[in-house]
Amino acid sequence: MSELQETPRATSVLADEEPIIICREVNKWFGDFHVLRDVSVDVQPQEVVVVIGPSGSGKSTFIRCINRLEEHQEGQIIVDGIEMSHDISNIAAIRREIGMVFQQFNLFPHLTVLQNISLAPMKVRQWPREKAEAKAMELLRRVGIPEQVNKYPGQLSGGQQQRVAIARALAMEPKIMLFDEPTSALDPEMIKEVLDVMKELARSGMTMIVVTHEMGFAREVADRVLFFDHGRIVEQGTPEYFFTSAQHPRTKEFLSQIL
Amino acid sequence: MASSEQNFNTRNRIIPEFLRDIRVLQILGQIIFLIIVVAFLAQLVSVAANEMRANNLTPNFTFLQNRAGFEISESPQWYTSNSSYADALRVGIINTLRIVSTGLVTATVLGILVGIFLLSTNWLIRTISRVYVEILRNTPLLVQLFVWYYIVMFSLPQPQQAVTLPSEGVLFISLRLVLYAVAYVFISRSLRHLPTDAPRRLMFLTGFFAASLVMETAFYLYHNQADWAGVYGRGDLGAAAFLLYAGISAVLIGGAYFVPAPFRPYALGAAAGQLIGGLLFYMGIMPNAALRMELYPAVYLSIRGIVFPEILPTARFAEWLAFVVLGIVAAAMMWVYFRRVTETTGRLIPRTQYAVLLMIVLAAVGWLIVGAEPLPTAVPISGDDGIIFVPLEEALARDLLSPAEQLQYTSQPLVFLRPAQNRLGRFIVGTQFSPEYMALLLGLVIYTSAFIAEIVRAGIQAVSYGQIEAARAVGLTQGQTLSQVVLPQALRVIIPPLGNQYLNLAKNSSLAIAIAFADIFTTMTTVMNQSGQSVTGIIIIMIFYLIMSLSISFVMNIVNGRFQLVTR
Amino acid sequence: MTTIHNKQINAVNYEEPQTKSPPLLSVGPLAWIKNNLFGSLMDTILTVVGAIVIVSAVTAFFTWALAGANWFVIIFNMRQFLIGRFEPWAEWRVQLLALLVIAVLGWAVGAWSRISRGVFIFLLVITALLFVLPPVIRAVVPLSPSFVSAGETAIAYGSVAQQPLAQLGFIGREGEVITLRVAREYSQNDRALANSFSFVDSPLNTLRNAAENRLTIEARIPEIERLLAGDALTPNQRALLTADLERLEVPPPVTETYHLNEFPAQVRLLDGATMEPISEALLSGESEPLSVTLPRDGWYVLEKTVPDNPEAVTLIAAEGIYPMLERSFTRSASIGPDGETIAAGRVTQYIRMTDIFLVEGGRPRIEGTDVPFENIVENQYRGARPLHDYLSLYLAPFFQQINTGFLWLLIAGIIGYWGARLTDKYFSPVEKPRLRSQRIAFWLFIALPPVAFILVAGFGILPPTSPPLWGGLLLTMLLTVVGIVVSFPLGVALALGRRSSLPVVKGASIAYIELVRGVPLITVLLMAMVLVPFVAPWLGGPDTGPYRAMVAVTLFSAAYLAENVRGGLQSLPPGQEEAAKALGLSAWQATLFITLPQALRAVIPALVGQFISLFKDTSLVTIVGLMDLTDVAQTVVNQNEFLGLRREAFVFISIVYFVFSYVMAMVSRRIEESGSGAARRI
């Protein structure tokens, strides 16, 4: 165990590539409340990281810091070689490389499914309309709902909306995908269709950070599981290690409650 | 059970069957209601008509053809006191429509601005706009109108001492400052392509300005000491100035390469600022070379209202207009074409800028071509002994031409006439707006803007924060987030109450009577007082306002329909 | 990928979580300032611009309000602003009404809400201050003296020529001390004269203008010369300035021209009733001031001359002589405060503007003419009135004016509040601790409007008052309350009619609502004024203006109220009506007992909003010639003695309107937030 503590950034020795996300000693406060405490994580390209933990433990805040929906106050976050600073061109550059899927879908209700997906590629990547729409159609086929292309979000079921949201994030051809509890707002029968899309995405080699309560998904797909508690990473490891031989009492307590 | 059955039967016997049918009952009830309403209205009308007849008045519309006999201060030229009542009403309608149309646009713009201020992250701005809104919403419009008219307008100066914009005088724009600004823009633009590193860029610019400041101070001190009256701008700067420049330059440029790396941008910036400032100085453009511009008043603000320059089309205006129309058509075609190019190839072309440029170029070229046409050298003047030809310059100099002829013999397609006053301070040239018009417009616009601001704030706040986050997460910029995501959704909340405020503004314009602005309501009251035709008068006013309200509702309903969301 | 599946990545963090305090700039006041004022470059610019704007606006306003404005127009006309020309013999009815209203409001507060101890103490402190401050101010800060001129030469400036008066009449109280001395402080040089302020007479005012003009010209000539020497002038400006320069000529110093204070002034103080001299003295710059104690209330005359030189003017500082106002009106016979009968007739009153001390009857006469008095003009301060003069001139009288009324209202409010609290304590069931007081409050609110109307109008129960004399805030309130209360049943009926399935009823309701909402209130008012007499001749007389306005306001308000109620009906879930019908209630019963009560509760905030907007809209009756609050302001500033004081009057009524509307809006917001207005969801 002592050996493990000496190498907190354990993954860096594993791959020859540079990590695509580097977080060092990230701290964040909401007012006086210390939300993230010295969080240090490296994520390798093509790695699937699942973040679990009790609610209020800072896991959502953590992934929202990665694309600057929240601003961290101390420490460093480096995404794809670009350091997150106050410079708006940095932030824009990072956001272009990161797709994000929200718990509440957050589709634009005044745009059709097609417009929802093609908006950002056209406005941000400045693709011609044909290219953006072709990409949108391709993604809709990939998430399995090409027939909904001209509907408005309000006309779709929750599962369909979340799949559109995934397609919308993928349309920017991001290198990293962030999922913030993507299945929490869904009816049980719709969870599977969304998880299937995510599994397919993981198999295709996308770098993913997923905040979720779906332990089955974590077991099946994750390369690594992070356990958050009180704003810090208490324990991390492969799914087999995590679900079978977790060490920390908080982890054990948490697992005993949900399994 | 039995008793109720019995009841039922008793009723059955008393009330015939068809009267128990709910449909019949409903129709009967409505007929009775209708009869009561109609009878009441008929009673009203007949009593009113009787009363009026007793006063020797018959309600009719023919009186509208009678001579009005009163002047309207704010009227087109065709209206005189000899015009008919109908003409007076026409003037009133024009004035109401002027106020309402201008008011709607300005109130919307101001309201949106204040609404955005209400949501500002800046506490001070937020508070100021909150106070603005609360004060305006909680005091009567009439009181505000009185304040605008009797207090604000009446405290304006007499026309002879009118507040002018710009005020007459000479403006010097220092060339040095212009060049600094150009250098600043150039440097900061070129720095944008360097690796993104904000502090370094900041350091560079700080150095640039610091050095410039030092230079400027040094020159200023030197200049004051030496009293160079008469020497400015000739390049005769003397050895001292050269030494000063050379010394600072050498130190800074040389030193820039020896300073430690983190501070090198400072030094380089300082050297650049020094170099540019010094060169300008040494080349003799300095220190006082300036663009000298004589400014003359264009807008006059006084107790008589506001006066703008008059823009008059001349005889050649039509020819120039052809060029302008051509420019608009060409620009539109180009814009459409470029949009197609962008959509098919993805190649970005700044199509709007190009289109505007094309329009301006064509208008300018047209102006030159039209203006280049030679004027006749001599013009016919009809004098005592028939028509004689007088050279144009002489005719102009001796003031022989009527205003219309002057416009005919002008080479430019448009002439801009600055306002001019006669000795009594009356404006004889210029587009004038009376103080009544201004007070009413200001009152309506500012009052309505407070309500619109609240509507805009509520509309924007109704867009859930998740939408903004999603827009950011897919990489949209702040402007794109606002224009593509927030506004389209806010508008659907904003438009219905906004339509109500538009209606209120249109209706509130009738308060013109309180400050005697000649709108439809004021004119109609005068007509009613003179002719005694109060019933007809009120009916005409009501119909006018109803039509105006209905038109506004109609337009807003169409707009609203376009923004509704489709849901399951 | 499989390379990553290595057990080496498994790691546990055993350290106990430790808390660090956040960086300085992310919490606390500094963070607040950074985030709320200087968040970005744009924010910083906006903050600076906003701060400049707000500071200059607030400074300008308070400079004007404290050092420039003449608030006497408000203090003097307070009665008009509040109740118009309401008959004095029935004034007690309005006072009683105000107490009743406040008591009912106090009851309502007690029934639905609670007043915190802080608010209560605050109110008590305010009341105490209202009583304590006026005497304290009077004792601590005496008024600045008046300045009057003596001499025989006419003082000329421009087209004005003013000769100092030989005799000046003034009124004073028994025991007041008049002190006269030569005003040396104003005679040193022109600058001292130009900076003079306080109450001055017209010749001195002219002197002051002349001195100021001379200083301006003196400064202007070098300024023009400097401008002409430079090259920053257009040819036009150059020509104008050259002409100016030729025209301008510096007059000799004003102090020298009039030998200011060089010769002693002979002053004599006469009793106005008997014309007997009380005291006299020859005042020079060095002599002791002359002090006289006035023997009784009434008129006095100050005679002043400069006997030694007819060309000379001497300035006298007079403490105890202050500007006055004359007003004449016809009074109907009435009973005085001591039970004596006051005869009807033309009355002339003289009122001292500094403290509303009042003398009735004629002025003293000398050689067949009334002694002049009005040449002391208040407000020669020109925006430089010292704060102590503001306090003793305006604040103290204002507080004195309102303190008794305020105390009574406070007592009424407290009685109402505790009435509700005690009712609940002793009579409400435990499970619904506020039931009784809320029931009673409901009935009080229903009873209040008719009671108010009877108190104001008489209405056959009390002796009638004359409607055209109703005015000020009373009329504004009356119109508003009648507009809301009477239009209520009409509005509810229209709302139900609009939702009716019967096409004729529905059509008629829609036609009425849209017709009224499509035209401005002023047309409805005009229609009522012009057409109602045709239809209802008993409302045709000259005395019925307020009634006709009430008809208009009611008809107008009903349409808007109907739309509000319809909104409330639409907000109800359809299940309510279905459930009622399923229970066997008839359509009428379902509406009356199920949907309407819920709908009305839901629209309470909207109704308050309409009340506010009607309260503001009643100002339009000014246009049709009624004497509401706005009209009183307009009328007052058109009187001779208050000409040019429009700002003061409008600022005052704006504050009144604002306070009422804003308080109502706050109440509405609280009802909305507390949810008691919303349809209760089960």
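In this numbering scheme, every chain counts its residues from 1 along its sequence in written order. Labels follow written order: the first chain is A, the first ligand is 1, and so on. Reporting in this predicted model follows two pLDDT cut-offs: at least 70 for local features of residues, and 80 or more for side-chain atom pairs to be given and counted; totals over whole chains, interfaces and linings ignore these cut-offs and use all residues. Working from all heavy atoms in the structure, the side-chain values ignore hydrogens and water.

## Section: the overall build of chain B
- Strands here are runs of E lasting at least two residues and helices are runs of H or I lasting at least four, both read from the DSSP assignment and numbered beginning at the N terminus. A tally of regular secondary structure across chain B gives 18 helices and twelve strands.
- Summary of the burial criterion: residues with accessible area below 20% of their type's maximum are buried, those above 50% are exposed, and those between are partly exposed, where the area comes from a 1.4 Å probe applied to protein chains only. Here chain B, with 568 residues, has 39% of them falling under the buried criterion.
- Using the Shrake-Rupley algorithm and a 1.4 Å probe, accessible areas are obtained, with residue cover drawn only from the displayed protein chains. Accessible surface computed for chain B: about 31400 Å², of which carbon and sulfur atoms make up 67%.

## Focus on the overall build of chain A
- What chain A contains, in helices and strands, is ten helices and ten strands.
- Taking the principal axes of its C-alpha atoms as reference, chain A extends roughly 55 × 45 × 40 Å.
- By definition, residues are in contact when any of their heavy atoms lie within 4.5 Å. Looking at chain A alone, contacts between residues at least 24 apart form 67% of all its contacts between residues at least 6 apart.
- Roughly 9900 Å² of accessible area belongs to chain A as shown, and the carbon and sulfur atoms make up 47% of that amount.
- Positive and negative side-chain charges of chain A, numbering 28 and 36 respectively, have mean locations separated by a distance of 5 Å. As used throughout, the charge tally considers Lys and Arg to be positive and Asp and Glu to be negative, leaving His and the chain termini uncounted. Taken as the charge centre is NZ of Lys, CZ of Arg, CG of Asp or CD of Glu, depending on the residue.

## Examining the sheet that holds strand β9 (residues 277-283) of chain C
All names here are of chain C.
- Strand order across the open sheet formed by four strands is β5-β11-β8-β9, with antiparallel pairing between neighbours. Every other strand in the sheet has two partners, leaving β5 (167-172) and β9 as the edge strands with one partner each. Neighbouring strand axes in the sheet, compared pairwise and without regard to direction, differ in orientation by 20° on average.
- Only strands that DSSP links by at least two bridges are regarded as paired with each other. Of the pairings in the sheet, the one linking β5 to strand β11 (residues 298-305) comprises six bridges and is antiparallel in character. Looking across to β11, one finds that L168 is bridged to L302. Each axis is a line fitted through C-alpha atoms, taken for helices only over the stretch in contact, and angles between the N-to-C directions span 0 to 180 degrees.

## Examining the packing of aromatic side chains
- Centres within 6.5 Å are what make two rings of Phe, Tyr or Trp a pair, Trp counting through its six-membered ring; a difference in plane orientation under 30 degrees is then read as stacked, over 60 as edge-to-face, and the rest as tilted. Enumeration according to the criterion identifies 41 aromatic pairs over all chains in this entry.
- Ring plane angle 85° and centroid distance 5.2 Å describe the contact between W320(B) and W367(B), whose orientation is recorded as edge-to-face. Residue W320(B) is located in helix α10 (residues 317-345), and its partner W367(B) is located in helix α11 (residues 351-372); the two are separated by 47 residues in the primary sequence.
- The class of W320(B) is buried, set by a relative accessible area of 14%.
- Clustering of aromatic rings is evident, with ring pairs tying together F146(B), Y149(B), Y150(B), F154(B) and F650(C).
- We call a charge positioned above a ring when the Lys NZ or Arg CZ atom is no farther than 6 Å from the ring centre and deviates by at most 35 degrees from the ring normal. Between the NZ or CZ atom of R168(A) and the centre of the ring of F108(A), over which it lies, the distance is 4.7 Å.

## Remarks on the confidence of the model for chain A
Residues and elements named next belong to chain A.
- Summary of the metric used: pLDDT quantifies the predictor's per-residue confidence within the range 0 to 100. With 92% of its residues at a pLDDT of 70 or more, chain A shows a mean pLDDT of 85.
- The weakest mean pLDDT in chain A belongs to helix α1 (residues 2-6) at 37; the strongest belongs to strand β8 (residues 207-211) at 94.
- In the predicted structure, residues 1-15 sits below a pLDDT of 50 and forms 23 contacts with residues beyond four places in sequence or in another chain.

## Here we look at the side chain of T525(B)
- Looking at the secondary structure, you find T525(B) in helix α17 (residues 520-531).
- T525(B) gets classed as buried once you look at its relative accessible area, which sits at 13%.
- Residues contacting T525(B), with those up to four places away along its chain left out, are I513(B) and L526(C).

## Digging into the environment of I440(C)
- Here I440(C) is to be found in helix α12 (residues 435-457).
- Sequence-distant contacts of I440(C), defined by excluding residues within four places in its chain, comprise W107(C) and T423(C).

## Topic: the confidence of the model for chain B
All names here are of chain B.
- Residues with a pLDDT of 70 or more make up 79% of chain B, whose mean pLDDT is 80.
- Confidence over residues 1-5 falls short of pLDDT 50; this stretch has zero contacts with residues more than four positions distant or in other chains.
- Predicted confidence for residues 225-237 stays below pLDDT 50, and this span has 14 contacts to residues more than four positions away or in other chains.
- Both confidence scores are given for the complex: pTM 0.84, ipTM 0.88.

## Some details on the pattern of salt bridges
All names here are of chain B.
- Whenever Lys or Arg places a side-chain nitrogen within 4 Å of a carboxyl oxygen from Asp or Glu, that contact is recorded as a salt bridge. Across all of its chains, the model carries 35 salt bridges over all chains by this definition.
- For the salt bridge of E74 with R98, the shortest nitrogen-to-oxygen distance reads 3.5 Å. Here E74 is found in the loop between α2 (22-54) and α3 (85-118), whereas its partner R98 is found in helix α3, with 24 residues between them in sequence.
- For R98, a relative accessible area of 25% puts it in the partly exposed group.

## Some thoughts on the packing of helix α16 (residues 545-571) of chain C against helix α18 (residues 587-602) of chain C
Residues and elements named next belong to chain C.
- Axis separation between α16 and α18 bottoms out at 8 Å; the angle between their running directions is 115°. Taken as axis vectors, α16 and α18 run roughly perpendicular relative to one another. α18 is crossed by α16, and the crossing has right-handed handedness. On the side of α16, the interface is formed by V565, G568, L569 and S571, while α18 contributes T595, L596, A599, L600 and A602.
- Any residue that is not Ala, Val, Leu, Ile, Met, Phe, Trp, Tyr, Cys, Pro, Asp, Glu, Lys or Arg is counted as polar, Gly included; the first ten are nonpolar and the last four charged. For the contact of α16 with α18, a count of residues per class yields six nonpolar, three polar and no charged. Note on angle classes: values under 35 degrees are labelled roughly parallel, values over 145 roughly antiparallel, values of 65 to 115 roughly perpendicular, and the remainder oblique. Take the far helix as the reference: if the near one is turned anticlockwise from it by less than a right angle, the crossing is left-handed, and if turned clockwise, right-handed.

## Overview of the interface of chain B and chain C
- Counting residues at the interface gives 57 residues for chain B and 56 residues for chain C.
- When two components associate, each loses some accessible surface as probed by a 1.4 Å sphere; the sum of these losses over both components is called the buried area. When the two sides are added together, the surface that chain B and chain C hide from each other amounts to roughly 4800 Å², 73% of it contributed by carbon and sulfur.
- Broken down residue by residue, the surface that chain B buries against chain C is led by Q30(B), N138(B) and M542(B), which jointly contribute 12%.
- One can count zero salt bridges joining chain B with chain C.
- Under the rule applied, a polar contact is a pair of N or O atoms within 3.5 Å (in protein, one hydrogen donor and one hydrogen acceptor; residues adjacent in sequence only if both atoms are side-chain atoms). The interface formed by chain B and chain C includes 13 residue pairs in polar contact (both at pLDDT 80 or more).
- Breaking the side of chain B that touches chain C down by element, the ones donating at least two residues are α2, α4 (123-137), α5 (141-152), β2 (169-174), β3 (290-295), α14 (435-462), α17 and α18 (534-563) of chain B.

## Description of the side chain of S434(B)
All names here are of chain B.
- By the secondary structure assignment, S434 is in the loop between β12 (431-433) and α14.
- You can call S434 buried: its relative accessible area is 14%.
- In this structure the side chain of S434 is engaged in a polar contact, spanning 2.5 Å, whose partner is the side chain of E74.

## Thoughts on the nonpolar core
- Put simply, a nonpolar core is a bunch of buried Ala, Val, Leu, Ile, Met, Phe, Trp, Tyr and Cys residues held in one set by side-chain atoms that sit within 4.5 Å of each other. Judged by nonpolar contacts, the single largest core of 175 residues is most densely connected at F81(C) and I653(C).
- Sorting elements by how many residues they give to this core places α14(B) first, with 13 residues.
- Judged by nonpolar contacts, the second largest core, of 50 residues, contains F179(A), M198(A), L201(A) and V225(A).

## Description of the environment of A42(B)
- As for its position among the elements, A42(B) is in helix α2.
- For the pair A42(B) and V299(B), spaced 257 residues apart in the sequence, the C-alpha separation amounts to 56 Å.

## Thoughts on a nonpolar patch on the surface
Residue and element names in this part refer to chain C.
- Residues V109, I115, V119, F120, I121, L124, V125 and L129 make up a contiguous nonpolar surface patch of about 590 Å² in total accessible area.
- Residue contributions to the nonpolar patch peak at six residues, all from helix α6 (residues 117-140).
- For I115, the position within the fold is in the loop between α5 (91-112) and α6. A patch is a set of surface residues, each over 30% in relative accessible area and not in a salt bridge, joined within 9 Å for like charges and within 5 Å for the nonpolar side chains Val, Leu, Ile, Met, Phe, Trp and Tyr.

## Brief notes about the environment of P145(C)
- You can see P145(C) is positioned in the loop between α6 and β2 (146-151).
- For P145(C), the residues in contact, after removing those within four places along its chain, are R181(C), S198(C), F199(C), A318(C), E319(C) and Y322(C).

## Some details on the state of the cysteines
Residues and elements named next belong to chain A.
- For this text, the term disulfide refers to a pair of cysteine sulfurs within 2.5 Å. Counted under the stated rule, the structure contains zero disulfides over all chains.
- The thiol of C23 is unpaired, and the distance to the nearest cysteine sulfur, on C65, comes to 8.5 Å.
- According to the relative accessible area criterion, C65 is buried, its value standing at 1%.

## Observations regarding the pairing of strand β10 (residues 290-293) of chain C
Residue and element names in this part refer to chain C.
- Of the two faces of β10, only the one carrying L290 and V292 is buried; S291 and T293 on the other face are not.
- Note: strand β6 (residues 177-182) against β10, four bridges, orientation antiparallel. Of the residues in β10, the one forming a bridge with V177 is T293.

## With respect to helix α2 (residues 41-67) of chain C
- How far a helix is expected to stretch is found by multiplying one less than its residue total by 1.5 Å. Taking 1.5 Å per residue, 27 residues should reach 39 Å; α2(C) reaches 38 Å between its end C-alpha atoms and fits that length.
- Within α2(C), the full set of buried residues consists of D43(C), L46(C), T47(C), G50(C), W64(C), A65(C) and A67(C).

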